[in-house]
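Listed below, chain by chain, are the residues.
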Amino acid sequence: MSKIRISNGEQFPVEMHKVRIVQKLNLIPIEKRLKAIIDAGCNTFLLRNRDVFLDMLTDSGVNAMSDRQLSSMLLADDSYAGSETFYKLEDSIKYIFEKTFFLPAHQGRACEHIISKVFVKKGSIVPMNYHFTTTKAHITTLLGKVLEIPIPEAYDINSSHLFKGNMDAKKLREAFIEHKDNIPFVRMEAGTNLIGGQPFSLSNIKEIYSICRENNVPLVLDASLLSDNLYFIKKREKEYQNFSILDITREISKNTDIVYFSARKLSSARGGGICTNNESFYKTMRELVPLYEGFLTYGGMSVREMEAMAVGLIDTMDETVISQGPEFIEYMTAELLKNGVPCVTPAGGLGCHLDANRFVSHIKELEFRAASLAVAIYIVSGIRGMERGTLSEQRDENGNEVISDMELVRLAMPRRVFTMSQIKYAIDRITWLYENKELIGGIKWDEEPKTLRFFYGRLKPVNDWPNRLLEKFKKDFKDSL
Ligand SMILES: *Cc1c(COP(=O)(O)O)cnc(C)c1O
């Protein structure tokens, strides 16, 4: 993506790709949207795609694929064992991460499952810059604990800190003193998913790695959202401005012991994998791959997707490819801020993040501000976002709700999927909603699952606020969808 300056001096991101395959979208009338979200238990995960206009739920498995990726899929070598496709993928991994040993797994959480099974036991403490839902679930299922030690700015919704995903080195040193023998590994997450797609800096991961070395504990990198993080290092970290994206990738990888990723994000395909230069880690983790995933040369993945991963990882090294997401997000965030809408700043990767605590501060915390806002956004726009707040947390040991550090609605920007006019539509509808925010009310549990409840839990509005919102919309937008 290139920032183009137009004749009046204005600058905006222009797509450095063209669309060659399209999918028709539906924008159903607001009455039907209201019914659809109520039928979906006020949970955007439970909406049917045919009822969704712009699907900003996630970037997972829905990034646009390149012509190079699609054509490679036709060459996939379908064999149970020894597929050539596996070796191509292994070569891509070796090329970008410079790691010798590669284990395929069907998606990011499958990698987390394997890593957790090998390293985590009862009483283990895993320090990390921030948790991700599936990571935490795997660690706590094995009776381990997550210790989040980001820098304090991570929790500051409006900060000018350029690397809010950094880990606090001092706190890591303290953790090693306090929990010495109970730390099986330290985890760094690129592009911290739950706190607004915020990156870590290369100098930070270097420092964290050296502390891990001193303590002889491995550093594990969750590289699922690496592409945005790479872009931010290149743009924001002066020391590395002259490094290529490939150089930055290798430099990060050099400062880790194990790298794993969800290929539903990194590489714009579907799958996952773990790589390392440590033969003993490799051999221990390898035991679990045939048991849970599949034979070592496919790991539960379709070989077509593996071909797409092999190419997608190389595509990721192209700055014009990985800049599209962050630049569109920056544009959308800047426009919303101009209109007074509270967003997480600085704009990060992954998506535009709305601060529900300020957007709908009149809603009670236990009536799920972010989840209620996501319902309202869908009703007024057909846009599907995702709650990232209290509802995405797990209850504590005593069954009490845990109020999340942040209460966000994420409007994900799957890479190279949306056009500028669609983004302008989103900005307009969200701005209108902000101007009418008093009409938004809370939601409450109807059916609450025990684990990862946000995926399929069902809720309902606390009163008939959705109807009042609909009426105001009809009054203001007349016959517009
Ligand atoms: C999505 C994600 C995962 C899990 O990956 P899946 O492929 O969805 O299982 C793990 N970590 C991070 C940071 C992610 O964004």
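Residues numbered from 1 in each chain as written. Predicted model: local features only at pLDDT ≥ 70, side-chain atom pairs only at ≥ 80, totals over all residues. Heavy atoms only, no water.

**Q** Mind showing me how you'd approach the sheet that holds strand β11 (residues 386–388) here?
**A** In a beta sheet, neighbouring strands pair by backbone hydrogen bonds and run either parallel or antiparallel. With antiparallel pairing, the three strands of this open sheet are ordered in space as β10-β12-β11. Each end of this open sheet is capped by a strand with a single partner; those strands are β10 (351–355) and β11. Put simply, the sheet's adjacent strands are angled 30° from each other on average, direction ignored. Two strands pair when backbone bridges link them, and β11 and strand β12 (residues 408–412) are joined in this way by three bridges, in the antiparallel orientation. Note on β12: the bridge partner recorded for Arg388 is Leu408. Contacts from helix α14 (residues 324–338) reach β10 and β12 within the one sheet, and its direction differs from that of β10 by about 30°. (Pairing = 2+ DSSP bridges. Helix = DSSP H or I, 4+ residues; strand = E, 2+ residues; numbered from the N terminus. Axes fitted to C-alpha atoms, helices over the stretch in contact; angles between N-to-C directions. Contact = heavy atoms within 4.5 Å.)

**Q** Help me understand the packing of aromatic side chains, please; the structure alone is not making it clear to me.
**A** The way to describe two aromatic rings as a pair is by their centre distance and the angle between their planes. As enumerated under the stated definition, the model contains 20 aromatic pairs in all. Note on Tyr80 and Tyr298: the rings are 5.0 Å apart at their centroids and 65° apart in plane angle, and the pair reads as edge-to-face. Here Tyr80, found in the loop between α2 (67–73) and α3 (84–97), pairs with Tyr298, found in the loop between α11 (288–292) and α12 (303–315); they are 218 residues apart in sequence, far enough to count as distant. Ring centres of Tyr231 and Phe232 lie 5.5 Å apart, and the angle between their planes is 65°; on these two criteria the pair is classed as edge-to-face. A residue is classified by how much of its surface remains accessible, and Tyr231, at 6% relative accessible area, is buried. (Phe/Tyr/Trp six-rings, centres within 6.5 Å; stacked < 30°, edge-to-face > 60°. Buried < 20%, exposed > 50% of the residue type's maximum accessible area, 1.4 Å probe, protein only.)

**Q** I tried to follow the pattern of salt bridges on my own but got confused; where do I start?
**A** Think of it this way: side chains of opposite charge can pair up when their charged atoms draw near. Across all of its chains, the model carries 35 salt bridges by this definition. The partner of Lys338 in a salt bridge is Glu335, with the nearest N and O atoms 2.8 Å apart. In this pair, Lys338 and Glu335 both sit in helix α14, three residues apart, roughly one turn of the helix. Residue class for Lys338 comes out exposed when judged on its relative accessible area of 64%. What emerges from the salt-bridge pattern is a single network uniting Arg395, Glu401, Glu448 and Arg453. (Salt bridge = Lys/Arg side-chain N within 4 Å of Asp/Glu carboxyl O.)

**Q** Honestly, the site of the ligand in this entry has me stumped. Any pointers?
**A** Every one of the 14 residues lining the ligand counts as a neighbour, but Gln107, Arg109, Asp222, Ser262 and Lys265 are closest to it. Arg109 has a polar side-chain atom sitting 2.7 Å from an oxygen atom of the ligand. Side-chain polar atom of Lys265 to an oxygen atom of the ligand: 2.7 Å apart, as the coordinates give it. For the ligand, the accessible surface in isolation is 380 Å², of which the surrounding protein chains cover 98%. At three residues, the largest contribution of residues to the shell around the ligand is made by helix α4 (residues 108–119). Here the shell around the ligand is built from residues that sort into two nonpolar, six polar and six charged. (Near = heavy atom within 4 Å. Polar contact = N/O pair within 3.5 Å; in protein donor to acceptor, adjacent residues only side chain to side chain. Areas by Shrake-Rupley, 256 points an atom, 1.4 Å probe, with all protein chains shown as cover. Nonpolar A, V, L, I, M, F, W, Y, C, P; charged D, E, K, R; others polar.)

**Q** What is the right way to read the side chain of Thr333 from this model?
**A** Tracing the backbone through its elements, the reader meets Thr333 in helix α14. By relative accessible area, which is 3% here, Thr333 ends up buried. A polar contact of 2.7 Å, which involves the side chain of Thr333, links it to the backbone oxygen of Ile329. Thr333 has contacts with Cys343, Val344, Ala347 and Cys352, leaving out every residue within four places of it along the chain.

**Q** Got a minute to help me understand the packing of α3 against helix α9 (residues 245–254) in this structure?
**A** Between two packed helices, the angle of one axis relative to the other and the distance separating the axes together describe the packing. The interhelical angle for the contact between α3 and α9, taken along N-to-C directions, is 90°, at an axis separation of 7 Å. With respect to α9, the element α3 is oriented roughly perpendicular. Across the interface between the two elements, Tyr95, Ile96 and Phe97 of α3 pack against Leu246, Thr249, Arg250 and Ser253 of α9. Of the residues that constitute the contact of α3 with α9, the class distribution is four nonpolar, two polar and one charged. (Parallel < 35°, antiparallel > 145°, perpendicular 65-115°, else oblique.)

**Q** Any chance you could explain helix α10 (residues 279–286) here in plain terms?
**A** Helical periodicity: at 3.6 residues per turn, an α-helix aligns residues three or four positions apart in one direction. Those residues of α10 not exposed but buried are Phe281, Tyr282 and Met285. Looking down the long axis of α10, one finds its buried residues gathered within 100° of arc, a one-sided arrangement. Here the buried face of α10 lies against β3 (101–105), α4, β8 (258–262), β9 (272–276) and α11. The opening residue of α10 is Asn278, an N-cap whose side-chain oxygen sits 2.9 Å from the backbone nitrogen of Ser280. (Arc of directions from axis to C-beta.)

**Q** Where do I start with unusual backbone geometry in this structure?
**A** Note: most peptide bonds trans; most residues except glycine with negative phi. Across the junction of Thr345 and Pro346, the peptide omega takes the value -5°, indicating a cis bond. For Pro346, the position within the fold is in the loop between α14 and β10.

**Q** Looking at this model, I keep getting lost on the packing of helix α16 (residues 369–381) against helix α17 (residues 420–435). Mind explaining?
**A** In contact at an axis separation of 10 Å, α16 and α17 are set at 120° when each is read in the N-to-C sense. As summarised for this structure, α16 and α17 are arranged oblique, according to the angle between their axes. Viewed along their axes, α16 and α17 form a crossing whose handedness is right-handed. Of α17, the residues touching α16 (which contributes Leu373, Ala376, Ile377, Val380 and Ser381) are Tyr425, Arg429, Trp432 and Leu433. When grouped by side-chain class, the residues that make up the contact of α16 with α17 number seven nonpolar, one polar and one charged. (Left-handed = near helix turned anticlockwise from the far one by under 90°.)

**Q** How do you make sense of the side chain of Lys164 when you look at a structure like this?
**A** With respect to the element layout, Lys164 can be found in the loop between β5 (145–148) and α6 (169–179). Buried within the structure, Lys164 lacks any salt-bridge partner; its nearest side chain of opposite charge belongs to Asp156, at an N-O separation of 6.1 Å. From its side chain, Lys164 meets the backbone oxygen of Asp156 in a polar contact 2.8 Å long. Separated by 3.4 Å, the side chain of Lys164 and the backbone oxygen of Ile157 make a polar contact. In contact with Lys164, not counting residues within four places along its chain, are Ile151, Glu153, Ala154, Asp156, Ile157, Ser159, Ile195, Gln198, Pro199, Val344, Thr345 and Pro346. (Lys, Arg positive; Asp, Glu negative; His and termini not counted.)

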